[in-house]
Amino acid sequence: MKAAINAIAAALVMAAVCPAAAETVLVRGGRVVTNTGAVLDKGDVLFTDSRIVAVGPSIAAPAGARVIDAAGRWVTPGAIAAMSELGLSEISGSGAANDASLASPLISAAAEASRAFDPSASAVAVTRIEGVTRAVIAPAATGTIFSGIGALVALNGAADSVQRDRLFQVLELGETGAERAGGSRAALWPYLEAALKDAREYPARYASGQDGAVLREIDARALKPFALGQGVFLVRTERAADIRELLRFKRANPNLKFVIHGGAEAWLVADELAAAKVPVIVDPMVNLPERMEKLAARLDNAALLERAGVRVIIAPSPGSVDGHQARLAFQLAGNAVANGLPWEAAFKAISQTPAEVFGVGGELGSLAPGKTADVVIWDGDPLDVMSAPVALFIAGVETPLVSRQTRLRDRYNPAARP
Amino acid sequence: MRTWTLGIAGALAAATLATAAIAQEAFRTVRPPTDPYPSTYTVPTAAPVIIRGATVIDGEGGEFASTDVLIADGKIAAVGQALPPPAGAQEIDGRGKFVTPGIIDAHSHLGVYPSPGIQASSDGNEATQPNTAEVWAEHSVWPQDPGFSRAVAGGITTLHVLPGSANLFGGRGVTLHPVLGARTVQSMKVPGAPYTLKMACGENPSRVYGGRNSSPATGMGNVAGWRQSFAKAQEYDRKWKEYWRKAARFEPKEDEPKGFFRAKAKDKKGAGDPPVAPDRDLEMETLAAVLNGEILVQWHCYRADEMATALDIAKEFGFRVAAFHHAVESYKIGDLLARDQTCSAMWADWWGFKLEAYDGIRENIPFVHARGACAIVHSDSEVGIQRLNQEAAKALADGRRAGLQISRADAWRWLSLNPATAIGISDRTGSLKVGKAGDVVVWSADPLSSYAVAERVFINGAQMYERGQVVAPPSDFELGQSFRERAR
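Predicted, not measured: the structure shown is a model, and the values here were computed from it.

**Observations concerning the overall build of chain B**
Across its full length, chain B carries 14 helices and 16 strands. Based on the C-alpha atoms only, the size of chain B along its principal axes is roughly 90 × 60 × 50 Å. Out of the 488 residues in chain B, the part that is buried amounts to 52%. Contacts spanning at least 24 positions in sequence make up 73% of the contacts within chain B whose residues lie at least 6 apart.

Spelled out as structure tokens, the structure:
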């Protein structure tokens, strides 16, 4: 008996530590959300090793392929949690180490989320087993209006799970940014211009012994590629007037790239955003004037933006990015649907659109031949709160639906221990 | 009368006696008011409403297909098939829709932490000393909080507003209807709802006060703080009861002669001087009312071990814990909670934001339910309060996946009847039982889903919300903001 328990324990440890090797898998007969065309009512998905080979009706199983019957199931690309602090803290409060929190005045733009990401953080598995296979993460430096450099990570728990570092620079251009620039938006924009100038003049300016106008050398160095248009600025801003100011700034600096995170009042400037091709990361549950910069917040923000032609990504608002609930991307998207966003657009907003906007659309975000095999099989509509994954593959490797939470569940389950 | 009395007494009436007589006549037993800020809530007059042919979830575990619900005179008048329409009733086609009791949020900070959440509006935590049992949340509620209108749109018909959790004793909670356009908090108060007391376990009090190098700085300091205060409250309560016992002998009775004769009669019995009322202490007054079972304890507590200790404290001082709030680890002690009939007001899935929330699991609510304890879905959030039905749905689905058999009708208890029990109003609302309040929501579809929305919300039989029909924001704060003028 004890030997049997030990064997089971050993098997569990193996399952947790050594993910199954990549294989050839045919997922057969599910309702397939491809993101490249219409949803297939009854479709197959074939992948070998890390890549998708074929998607369509009635794909023949290659010799030796593992066949998974997905009848009555949904099959989708893995979701991308498009903005969070996932993996930057095991516990965010309680005085515990929190790498998403950075209060030093010595470094801000140079802070790098990828250097702090822990693939073993409990939240990674907790998020993964709900159908999220990748995450966009951001640090939260507070020394200047630049909060640091974000990254894209895989949620497979692997040592090499940072997929893209130096993906974007977080730029605070709303109330928070104004506070950091001295308390006023009137100072915010001149400050930004001076910071970009410092960055462009790096290293010459600093080598001559001169200080930056506003930036320390370490931040100027980190900011330089973004200031030259080689990376994206992820702009935290909410108010319509601030977004208009951003669009004016963009016209004056046409080489710079911007994505808005927040955008509670973006619906008021939807046409301008569409014309300027600035994507917006919105939280479809934001509908209260919770700050003075969000007086016009409303539940159908995502739907109105999409209708105007703005590329919409769905993720928690800047005030709710604690990575422990990054898994709620599906619920957020479902609520956008309840408030007018078409289902397909809502699903893309947590998969394909963030993949494209963050430069990995060629690899991720859809089920199509050649794409990375991030595949999730569901017991129902993934945007409905009642549904959950029944199987999950990251780059073709099946990952067990186990987390610290499911271990606690199993220990205390009244169904198992009456 | 008094002139005649003194006349008879004549020369015998010494000046001292006359003074005593006047003092006796002036004697009134001091009884601190128990309801000095009474509810002024009035039920809006409304025609009877009959909702036809909906799937009805009654909040007590029952679900009925193609059923009618009649609301009349502010109350549930009938639930059944093919009900005869009363004269003048408003008929609502409920086919394809769901009807449930209104959602009751047992843990809200609307009004005390309103939107916008700026320093000037941060009225939820009197974090100035660890025992502020003397403060009342209703005195911080801003009726213009735009959050109330969002809550109604999410199917909320009653909410329990609590002070924050910085203190061992945070103050009194208040039970409100989300009355849109209310000018006063009194007009939102649910008539007859008992007062509650917010208490807080764990990291918050020890962090807030320990950080100031004062007590409590630790978990044991928390426990000492509660015990010392309850011990004082016992003494305070004893003094008042002793005073009332003595005062009863001096209180004039209806048929008793007033004044001098009465005083003399008392003197004969050797009653001595009339008693002097103890000084009022508002902090102790609240705690004494807890000891007497008049105020219901709502205890913010995350960890199983801390909840178990809290239950022992309640036994030591002879009160009951109505509900633990947040109760992230209730799933570990469902048996103790069932034994003491203490509810747990929980999130579906919040976890990890602090150490005491580290063991949060998605099955907390269904596991507590399955152990036979009272499970509640609460929000603690101006966002979450708008979709507690979705939180219940998540908990239900996760419970089923763990192997539990729970119907959606049973799960609805978490949203209405159980919170009503925790805050002491289950005799009048929380389920669609005939005679209970007409607190009813009509949902566009099965409300245990991401997609269903509340189409109509009735509070005491009056329609407070209809989707798509809100023409002006009920909050003065939101009225006339320029984007609204532009959108016209």
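Let us keep going from here.
**A closer look at the overall build of chain A**
Regarding its fold elements, chain A presents 13 helices and 16 strands. Taking 2.2 N^0.38 as the reference for a compact globule, 418 residues should give roughly 22 Å; the C-alpha atoms of chain A span a radius of gyration of 22 Å, in line with that estimate. In terms of overall dimensions, chain A has C-alpha extents of about 70 × 50 × 45 Å along its principal axes. When the 418 residues of chain A are sorted by exposure, 57% land in the buried category. Taking as baseline every contact in chain A between residues at least 6 positions apart, the subset at least 24 positions apart corresponds to 68%.

**What to know about the sheet that holds strand β13 (residues 312-314) of chain A**
Residues and elements named next belong to chain A. Sheet architecture is open: 8 strands sit in the order β6-β7-β8-β9-β10-β11-β12-β13, paired in mixed fashion. Here the strands that pair on one side only, and so sit at the sheet edges, are β6 (79-84) and β13. For this sheet, the mean inter-axis angle between neighbouring strands, taken without regard to orientation, is 25°. Of the strand pairs in this sheet, strand β7 (residues 132-137) and strand β8 (residues 146-154) are connected by 4 bridges, and their pairing is antiparallel. Residue pairing in the sheet places A135 in a bridge with V153 of β8. Here helix α6 (residues 217-227) sits on the sheet in contact with β8, β9 (162-172) and β10 (232-237), set at roughly 60° to β8. Where helix α10 (residues 329-338) meets the sheet, it contacts β6, β7 and β13, and its direction lies at approximately 130° from that of β13.

**Topic: the sheet that holds strand β12 (residues 343-346) of chain B**
Residue and element names in this part refer to chain B. The strand order β6-β7-β8-β9-β10-β11-β12-β13 describes an open sheet built from 8 strands, whose pairing is mixed. One side of each edge strand has no neighbouring strand; the edge strands of this open sheet are β6 (103-108) and β13 (375-377). Sheet twist, expressed as the mean angle between neighbouring strand axes with direction ignored, is 25°.

**A word on the pairing of β7 of chain A**
All names here are of chain A. Along β7, 6 of the 6 residues are buried, which leaves the element largely enclosed by surrounding structure. Of the pairings in the sheet, the one linking β6 to β7 comprises 4 bridges and is parallel in character. Bridge pairing links A79 to V132 in β7. The β-α-β motif built from β6, the intervening helix α2 (residues 122-128) and the parallel element β7 has right-handed crossover chirality.

**Notes on the interface of chain A and chain B**
Between chain A and chain B, the contact holds 36 residues from the first and 42 residues from the second. Looking at the side of chain A that touches chain B, the elements with two or more residues in it are α10 and α13 (404-412) of chain A. Looking at the side of chain A that touches chain B, the element that brings in the most residues is α10 of chain A, giving 5 residues. Residue composition of the side of chain A that touches chain B, grouped by class: 21 nonpolar, 10 polar and 5 charged.

**Quick look at the environment of V79 of chain B**
Tracing the backbone shows V79 of chain B in strand β3 (residues 75-80). For V79 of chain B and T67 of chain B, which are 12 residues apart along the polypeptide, the C-alpha to C-alpha distance reads 7.1 Å.

The rules behind each value
- Residues numbered from 1 in each chain as written.
- Chains lettered and ligands numbered in written order.
- Predicted model: local features only at pLDDT ≥ 70, side-chain atom pairs only at ≥ 80, totals over all residues.
- Helix = DSSP H or I, 4+ residues; strand = E, 2+ residues; numbered from the N terminus.
- Buried ≥ 20, exposed ≤ 12 C-beta atoms within 10 Å, placed from the backbone.
- Contact = placed C-beta atoms within 7 Å.
- Rg over C-alpha atoms; globule rule 2.2 N^0.38 Å.
- Pairing = 2+ DSSP bridges.
- Axes fitted to C-alpha atoms, helices over the stretch in contact; angles between N-to-C directions.
- Right-handed = clockwise from strand over helix to strand, strands pointing away.
- Nonpolar A, V, L, I, M, F, W, Y, C, P; charged D, E, K, R; others polar.

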